[in-house]
Amino acid sequence: MEILGRIIAAYRQKAAAGRIELSFSPFYHPILPLLCDTDIARVSMPGVKLPGRRFRHPGDASKQVRTGMQYFEKTFGFRPEGMWPSEGSVSEEVLRIVSQEGIKWVATDEGVLSGSLGKTLRDASGRVTEPRLLYRPYTFSDVSIIFRDRVLSDQIGFVYSGWDAGKAAEDLIGRLLGIRDALPGGGPSLVPIILDGENAWEYYRNDGRDFLLRLYEGLSRDDRLKTVTISEFVNENGKGERLGGLFPASWINADFGIWIGHEEDNTAWEYLGHVRDMLEDFERRNPGAPTEKAWKAISVAEGSDWNWWYGDDHISETQEDFDELFRRNLMMVFEEMKAEVPEWLSVPVLKRERGVSPTLVIRGFIYPTIDGLVTSYYEWYQGALQQGLSIPANRSEGPLR
């Protein structure tokens with residue numbers, strides 16, 4: 001506990017010295033584009049089956065962003081300039097909200113840039129074909145956007161943990177120098193490396209310390225490369241070229257398939273939308289009634305991690321617990337309204353007992369490099385997923401289905 005108590009102070013000190021930059025995320029980690037409008041999923045997923053009840057509440061997205069900023073400012077004593085949208089999820093409507101909140105930059109994935117430009121950025125071997133397009137910031141609605149190099153990020157996230165620390169650091173620096181050589185002259189370029197910081201290091205020797213020491217030692221010795229914060233680069237080199245449009249997607253498969261489209265995902269959105277509508281109706285009929293806790297429960301239920309475990313994308317032995325907690329938050333809304341909780345909220349969103357699933361589910365095409373290495377977490381992700389058979393049971397579907 002003593003060590004944990006030093007962390008925020010250490011971050012604050014390093015940020016004040018300009019050694020690091022701290023960003024924030026929307027408070028309850030929602031998929032902002034879907035809060036703004038679930039129909040936006042059709043852009044990246046044209047054939048998707050969406051919830052029967054459209055969810056369109058951009059005000060909720062604004063609230064999640066504002067609450068995240070306020071918590072950051074309370075914790076660190078200053079306003080952040082940048083935001084990592086939950087799961088790198090962006091859309092044009094989200095960027096307009098971000099701009100209104102005074103946020104200077106956001107970050108997302110190269111797949112979003114590819115969709116925005118209508119161009120494939122890599123060839124079949126994974127080589128970046130037009131590095132000048134990827135390695136620079138852009139702007140939309142006066143907000144700078146940077147797009148991560150997915151390959152470099154995944155090398156750190158999923159590959160280098162199995163390597164000798166020195167060899168891994170040498171490989172990454174070599175790749176960066178290769179990018180530098182492939183770029184045309186005429187000014188500095190930015191190579192964003194972005195990954196889930198909590199996931200990688202437990203698989204590294206000494207929690208990644210050996211690798212990071214060797215990496216920063218190598219970077220410090222090479223004057224062709226410079227580590228910078230995002231705000232530092234943007235302030236010194238400009239906000240970036242304006243994008244004519246922004247492709248709505250997340251950093252996973254450049255779509256929103258993890259969180260919407262599956263029957264369970266859609267049911268969760270319908271439960272959420274129905275309860276939210278009932279809360280608004282309650283407020284109209286009972287002006288002045290205390291509803292702060294009820295709205296907090298709605299905000300919690302808007303978080304992305306509930307739908308992370310719905311559908312066939314991810315499997316966990318605690319899915320039933322997540323399902324119960326999601327519905328419990330919605331039940332709290334009725335408790336705050338002093339109203340009877342509808343029976344359909346007692347019906348699990350999980351449908352595994354309602355039918356027989358195929359033993360193999362194929363998500364899509366795969367393009368692995370057959371080299372005996374797991375080059376990326378997503379290299380085999382689209383392939384067949386083994387599932388067990390379940391016994392169907394007769395259960396009430398509730399009024400929403």
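Quantities reported herein were computed from a predicted structural model and do not represent experimental measurements. (Residues numbered from 1 in each chain as written. Predicted model: local features only at pLDDT ≥ 70, side-chain atom pairs only at ≥ 80, totals over all residues. Heavy atoms only, no water.)

Colleague: I'd like to hear about the sheet that holds strand E2 (residues 105–109), residue by residue, with values.
Modeller: Taken in spatial order, the five strands make up an open sheet running E1-E2-E4-E3-E5, and their pairing is mixed. The open sheet is flanked by strand E1 (82–83) and strand E5 (241–242), the only strands paired with a single partner. Here three bridges tie strand E3 (residues 138–140) to strand E4 (residues 143–148), and the two strands are oriented antiparallel to one another. Each residue of the ladder has a partner; that of Thr-139, found in E4, is Ser-144. (Pairing = 2+ DSSP bridges. Helix = DSSP H or I, 4+ residues; strand = E, 2+ residues; numbered from the N terminus.)

Colleague: Tell me about helix H11 (residues 230–237), residues and numbers included.
Modeller: What sets the pattern is the α-helix's 3.6 residues per turn: residues three or four places apart point alike. Residues of H11 that are buried include every one of Ile-230, Ser-231, Phe-233 and Val-234, and no others. Burial along H11 is one-sided: seen end-on, the buried residues are contained in an arc of 165°. Looking at H11, the residues exposed on the side facing more than 90 degrees away from the buried face are Asn-235 and Glu-236. Residues of H11 that are buried sit in contact with E2 and E4. Gly-238, located one to two residues past H11, shows a positive phi value of around 100°. (Buried < 20%, exposed > 50% of the residue type's maximum accessible area, 1.4 Å probe, protein only. Arc of directions from axis to C-beta. Contact = heavy atoms within 4.5 Å.)

Colleague: Which residues make up the pairing of E2, and what values go with them?
Modeller: Side chains on a regular strand alternate between the two faces of the sheet. Across the five residues of E2, five count as buried, placing the element largely inside the fold. Regarding the hand of the β-α-β motif, the stretch spanning E1, helix H5 (residues 92–100) and E2 is right-handed. Where E2 and E4 come together, five bridges link them in parallel fashion. Along E4, the bridge assignment pairs Ala-107 with Ile-146. (Right-handed = clockwise from strand over helix to strand, strands pointing away.)

Colleague: Requested: an account of the side chain of Thr-108, with residues and values cited.
Modeller: With respect to the helices, strands and loops of the structure, Thr-108 is situated in strand E2. In terms of polar contacts, Thr-108 uses its side chain to reach the backbone carbonyl oxygen of Gly-88, at 2.6 Å. Setting aside chain neighbours within four positions, we find Thr-108 in contact with Trp-84, Gly-88, Val-90, Ile-145, Ile-146, Phe-147, Arg-148 and Ile-194. (Polar contact = N/O pair within 3.5 Å; in protein donor to acceptor, adjacent residues only side chain to side chain.)

Colleague: Go over the pattern of salt bridges with me, naming the residues and quoting the values.
Modeller: Following the criterion strictly, the structure yields 31 salt bridges and no others. Of the charged contacts in the structure, one is a salt bridge between Glu-130 and Arg-132, with a shortest N-O distance of 3.6 Å. The partner of Glu-280 in a salt bridge is Arg-276, with the nearest N and O atoms 2.9 Å apart. With Glu-280 and Arg-276 both in helix H12 (residues 263–285) and four residues apart, this pair spans about one turn of that helix. Residue class for Glu-280 comes out partly exposed when judged on its relative accessible area of 26%. On the accessibility criterion, Arg-276 (5% relative accessible area) is buried. Among the charged side chains, a salt-bridge network with shared partners connects Asp-37, Asp-39, Arg-42, Arg-54, Arg-56 and Glu-93. (Salt bridge = Lys/Arg side-chain N within 4 Å of Asp/Glu carboxyl O.)

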